[in-house]
Each structure stands twice: as C-alpha cells, then as structure tokens.
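Residue-level listing of the chains:
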Amino acid sequence: MDNNTILVIDDDRNILAIIEMYLKKAEYNVKTCERGDLALRFFREVQPQLVVLDVMLPGMDGWEVLSQLRAESSVPVIMLTAKGDTLDRVQGLDLGADDYIVKPFDPKELLARIKAVMRRVSQTEEETARECSFEGLTVSLDNYSVFLDGRQIEMPPKEIELLYFLASREGKVFTREQLLEQVWGFDFFGDSRTVDVHIKRIREKLGERDAWQVKTVWGVGYKFEAVK
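Residues numbered from 1 in each chain as written. Predicted model: local features only at pLDDT ≥ 70, side-chain atom pairs only at ≥ 80, totals over all residues. Heavy atoms only, no water.

Asker: Before we move on, could you go through the pattern of salt bridges and cite the residues and values that matter?
Answerer: Within the structure shown, the criterion is met by 18 salt bridges. Where glutamate 72 meets arginine 44, a salt bridge forms, and the shortest distance between an N and an O atom there is 2.8 Å. Of the two residues, glutamate 72 is situated in the loop between helix H3 (62-70) and strand E4 (77-81) and arginine 44 in helix H2 (residues 39-46); the sequence distance between them amounts to 28 residues. Under the relative-accessibility criterion, glutamate 72 is labelled partly exposed at 41%. The salt bridge partner of arginine 130 is aspartate 142, with a shortest N-O separation of 3.1 Å. (Salt bridge = Lys/Arg side-chain N within 4 Å of Asp/Glu carboxyl O. Helix = DSSP H or I, 4+ residues; strand = E, 2+ residues; numbered from the N terminus. Buried < 20%, exposed > 50% of the residue type's maximum accessible area, 1.4 Å probe, protein only.)

Structure follows, in structure tokens:
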C-alpha cells in the first residue's frame, strides 16, 4: 500500500478538482475516479491508504462500492455526500465507513478528518505490532529498546520512536513535517531540523550497514530501506 495515496471517488469534477488541490498542498498523492462501477478496479490498481467516497455515483452507488470494498479490504473510507440524513450516516457507518462528511463542506475540514482517521488507524496498527526486526537489528516500543547484533544500544525515547516509526514502515518516504506530526505530535512547534538532528544521532549509533539503512531522500525527507 502506498503510504501517501488517497483515492477520491466522485462524479463532480469541480469537487474532485478542489479536493485534489487541497490534498496535494498537504503533500498527498491523489488519484480520482468518477464512476462507481469502475471504483473497485481503480482501488485495486492504486492500493491507496484512504478512500474518499461519494454516495451518488453513476454505474454503482457509494453504498454498494463500500460494501464490495469491505469484502476485500479494511482501508479507511470517508463517505462524502449531499445527504445529511441521520439514517444515511448510520447506514454508512454500519457498512464500515470510518467517517462521514456532508456537502457542501470546507476542504480544510475534510483534510482534518482525513488526518484524524489516518492517525487513528496508525495508532491501532502500532498497538498490535510494536516491535520490528531486520538483520541484526530489533526495535521495540513495548520496552523502548534497540538491539544491534544482540547488544542493547542506548537511545533516548524520541530517537527510538523515530527509528521505530521509519523501520515499521520500511520503504516508505516521509517528509520532515510528516515525521514531526507523527512522532512529536500536532502540538509540537519546533524546527523541522529537529528531525535531521535525531536522524544524525541514530545513524551514528547504528553505524553503516549493507542490509539496511536510514536513507535520505534528497528534496523530500527520510525512509528506512532494507535490501530485498
């Protein structure tokens, strides 16, 4: 699954253009689809992290798309519709939607809801998988430890959290702003160079490795990369 891709399914091209503009400004990769009967094919091709799904669609309505989607995936879905009736909202949640927003809407509110849903999903994933291992390296948030070749490496909590966040999402690239948001939290007002300093310290403690590395993606940010 592409960590940063959102699939927006809506037959209103003006709404698609507005959503795409706001999400791209927030550094999301955006894919769009205008028909319900093509939505599942797009979903399988794109493998997004989250889906924004309109209810009123040509070919197949959003309820049926959601129902079929839930038969094969637990990817987060935010329903987007002009209907504000409570029964519609309940139906969407019963079918497995993660959130529901009514048209007309403020794009900033949609962006906030997307981030909130992703944050909840990320927290749930971490609760069930709080340790990751690669050749010679084990990082655990259960007891806040890092072991390198069987020897414990002393690191402060934030370095461990940053290393775990990257390593548990091996191969995925994150900007400094995303790392500040996910590791330090929304209420952190520090400089993005804070990330650079922590990465430098982590690299110094782990040393050079052929099997894996914390890699700089120039002009973007960082990722943890393992040799396949």
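Asker: Summarise the environment of isoleucine 19; cite the residues concerned and give the values.
Answerer: Mapped onto the elements, isoleucine 19 comes out in helix H1 (residues 13-25). By relative accessible area, which is 2% here, isoleucine 19 ends up buried. Discounting residues that sit within four places of it in the chain, isoleucine 19 has contacts with Val8, Leu80, Phe105 and Leu110. (Contact = heavy atoms within 4.5 Å.)

Asker: Provide a residue-level description of the packing of H2 against H3, including the pertinent values.
Answerer: Contact pair H2 / H3: the axes reach a minimum separation of 10 Å and the direction vectors enclose 40 degrees. Between H2 and H3, the angle falls in the class oblique. When you trace H2 past H3, the crossing you get is right-handed. Seen from H2, the contacting residues are Ala39, Leu40 and Phe43; seen from H3, they are Val65, Gln68 and Leu69. Considering only residue class, the contact of H2 with H3 consists of five nonpolar, one polar and no charged. (Axes fitted to C-alpha atoms, helices over the stretch in contact; angles between N-to-C directions. Parallel < 35°, antiparallel > 145°, perpendicular 65-115°, else oblique. Left-handed = near helix turned anticlockwise from the far one by under 90°. Nonpolar A, V, L, I, M, F, W, Y, C, P; charged D, E, K, R; others polar.)

Asker: Describe the sheet that holds strand E10 (residues 174-175), with residues and values.
Answerer: Spatial ordering of the open sheet is given by E10-E12-E11, a layout of three strands whose pairing is antiparallel. Looking at the sheet topology across the chains shown, the edges are occupied by E10 and strand E11 (212-217). Pairing geometry for E11 and strand E12 (residues 221-226), over six bridges, is antiparallel. Bridged to valine 217 within E12 is glycine 221. Helix H8 (residues 193-206) contacts E11 and E12 of the sheet and is inclined by roughly 150 degrees relative to E11. (Pairing = 2+ DSSP bridges.)

Asker: How would you summarise unusual backbone geometry if you had to cite specific residues and measurements?
Answerer: The linkage connecting lysine 103 with the following residue, proline 104, adopts the cis geometry, with an omega of -10 degrees. Take proline 104: it is sitting in the loop between strand E5 (99-102) and helix H5 (107-128). One non-glycine residue, glutamine 47, lies in positive phi territory at about 50 degrees. Residue position: glutamine 47 is located in the loop between H2 and strand E3 (50-54).

Asker: How would you explain the sheet that holds strand E7 (residues 137-140) if you had to name every residue and give the values?
Answerer: Strand order in the open sheet formed by four strands is E6-E7-E8-E9, with antiparallel pairing between adjacent strands. Two strands close off the open sheet at either side, each with one partner strand: strand E6 (131-134) and strand E9 (151-152). As paired elements, strand E8 (residues 145-148) and E9 share two bridges and run antiparallel to each other. Within E9, the position partnered with phenylalanine 147 by the bridge is glutamine 152.

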